[in-house]
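Below, each chain spelled out in residue letters.
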Amino acid sequence: MATAYAQPAAANYFTPPSHASQKQRGYRICDQCGSVEQPTSVRFRLCGGCMTTQYCSQECQKSHWPSHKAICQHTASQMNNAKNPVGPASLDENVVKGLRKFTSAHSTLLGWAGFQALQLKRLPANVRQNALIVEVEYRPSAPDSLHRFTIKGTHIVPRTYVTDNDPLVGADITRREERCRRSGGIGTAVILIQCGEVSQVMPVEVDAPGKISWDARDDWADVLRHFVDSGRTDFKPISTTSRGIVYG
């Protein structure tokens, strides 16, 4: 029997955002120093090779290059395969680019879904055992970029399905995991967003459960589908604290 909840999983769940969705963009986090991009600050830069990793400055980008080089060149080669098709199974360039934008736009929602799907509040050790796969479907005729992907299905799989399939991706996840644990976290949750043969791995460094105020929710898959299929990027998860119910 499905769990009944007194409160929705996120703010504005039943109402559309008050601002124009096409103007939204998520904040970026520098992969070197961890600083968060602010609306009033200089806009963060994307790595020109992989078009995925973000940096707050040229200095941080240069400092991070030795550890980023291998995964960057690996990701860039996937883009080159899409731009230079060699057969019917070749990746579609628009899908590759679109999936990366989709992952960036819904990073908070996807991270929350991974946290809930793996039950990390109740079973922190699951972060080392399992991964979440989010299957999406590409709709090239959608009216705007926020409606180009819809949720097709979700699956919990052994984490080795992701980490053992691609050694470079596995090594990058291990690097993030070690950094997370040094700072007191439980490790890196692995989320794989997949559209046909195109996929994007999203590693999420998770704090210790005591530091995470998100409520545990079993309706995460419905919430994920609701926000993605609605083209919403204003997801703010519910937390029940000593101060009452807080969203964000």
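Calculation criteria
- Residues numbered from 1 in each chain as written.
- Predicted model: local features only at pLDDT ≥ 70, side-chain atom pairs only at ≥ 80, totals over all residues.
- Heavy atoms only, no water.
- Helix = DSSP H or I, 4+ residues; strand = E, 2+ residues; numbered from the N terminus.
- Buried < 20%, exposed > 50% of the residue type's maximum accessible area, 1.4 Å probe, protein only.
- Disulfide = S-S within 2.5 Å.
- Pairing = 2+ DSSP bridges.
- Axes fitted to C-alpha atoms, helices over the stretch in contact; angles between N-to-C directions.
- Parallel < 35°, antiparallel > 145°, perpendicular 65-115°, else oblique.
- Left-handed = near helix turned anticlockwise from the far one by under 90°.
- Contact = heavy atoms within 4.5 Å.
- Nonpolar A, V, L, I, M, F, W, Y, C, P; charged D, E, K, R; others polar.
- Salt bridge = Lys/Arg side-chain N within 4 Å of Asp/Glu carboxyl O.
- Expected span 1.5 Å × (residues − 1).
- Arc of directions from axis to C-beta.
- pLDDT = per-residue confidence, 0-100.
- Phe/Tyr/Trp six-rings, centres within 6.5 Å; stacked < 30°, edge-to-face > 60°.

## Notes on the overall build of the protein chain
Moving on, step 1. Within the protein chain one finds six helices and eight strands.
Moving on, step 2. Considering the protein chain as a whole, with its 248 residues, one finds that 41% of them fall into the buried category.

## Thoughts on the state of the cysteines
Moving on, step 1. In this structure the tally under the stated criterion is zero disulfides.
Moving on, step 2. Summary of cysteine pairing: C60 is not part of a disulfide, and the nearest cysteine sulfur, belonging to C56, is at 3.7 Å.

## Some remarks on the sheet that holds strand β4 (residues 149-158)
Moving on, step 1. Read from one edge of the open sheet, four strands run β4-β3-β5-β6, paired in mixed fashion. The open sheet is flanked by β4 and β6 (198-206), the only strands paired with a single partner. Within the sheet, the average angular offset between the axes of one strand and its neighbour, ignoring direction, is 20°.
Moving on, step 2. Sheet topology note: the strand β3 (residues 130-138)/strand β5 (residues 187-195) ladder contains four bridges and is parallel.

## Points about the packing of helix α3 (residues 107-117) against helix α6 (residues 220-229)
Moving on, step 1. One way to put it is that α3 packs onto α6 with a least axis distance of 9 Å and a crossing angle of 165°. Between α3 and α6, the angle falls in the class roughly antiparallel. Between α3 and α6 lies a crossing whose hand is left-handed. Of α6, the residues touching α3 (which contributes L109, L110, W112, A113, Q116 and A117) are W220, V223, L224, F227 and V228.
Moving on, step 2. Residues of the contact of α3 with α6, tallied by class, amount to 10 nonpolar, one polar and no charged.

## What about the pattern of salt bridges?
Moving on, step 1. Under the defined criterion, the tally for this structure stands at 11 salt bridges.
Moving on, step 2. When the shortest N-O distance is used, the salt bridge between D172 and R176 registers 3.0 Å. Of this pair, D172 and R176 both sit in helix α5 (residues 167-182), separated by four residues, roughly a single helical turn. As far as the burial class goes, D172 and R176 line up, both buried.
Moving on, step 3. A cluster of three or more residues bridged by salt bridges with shared partners is formed by D31, D172, R175, R176, R179 and E205.

## Points about α5
Moving on, step 1. Between its first and last C-alpha, α5 extends 23 Å over 16 residues, near the 22 Å set by a 1.5 Å rise per residue.
Moving on, step 2. Within α5 the residues assigned to the buried category are V169, G170, D172, I173, R176, E177 and C180. For α5, the angular spread of the buried residues around the axis is 160°, confining them to a single face. Residues of α5 that are exposed and point more than 90 degrees away from the buried face comprise P167 and R182.

## Regarding unusual backbone geometry
Moving on, step 1. Even without being a glycine, Q119 presents a positive backbone phi close to 55°.
Moving on, step 2. Along the polypeptide, Q119 turns up in the loop between α3 and β3.
Moving on, step 3. Exposure remark for Q119: the relative accessible area of 34% places this residue in the partly exposed category.

## Overview of the confidence of the model for the protein chain
Atomic detail in the predicted coordinates should be set aside for any region of low pLDDT.
Moving on, step 1. Mean pLDDT for the protein chain: 82, with 86% of residues reaching 70 or above.
Moving on, step 2. Across residues 18-26, where pLDDT falls below 50, the model places 11 contacts with residues more than four positions away in sequence or in other chains.

## Points about the environment of A76
Moving on, step 1. Counting through the fold element by element, A76 comes out in helix α1 (residues 58-83).
Moving on, step 2. The exposure class of A76 is buried, given its relative accessible area of 18%.
Moving on, step 3. Each C-alpha atom of the pair A76 and G48 lies 9.0 Å from the other, and the pair is 28 residues apart in sequence.

## Re helix α2 (residues 93-105)
Moving on, step 1. Here α2 contains 13 residues, and its C-alpha end-to-end distance of 18 Å stays within 8% of the 18 Å for a straight helix at 1.5 Å per residue.
Moving on, step 2. Turning to α2, its buried residues number three or more, namely V95, V96, G98, L99, R100, F102 and T103.

## Quick look at the packing of aromatic side chains
Moving on, step 1. Following the criterion strictly, the structure yields six aromatic pairs and no others.
Moving on, step 2. Here the aromatic residues Y13, W112, F227 and F235 are joined through ring pairs into a cluster of three or more.

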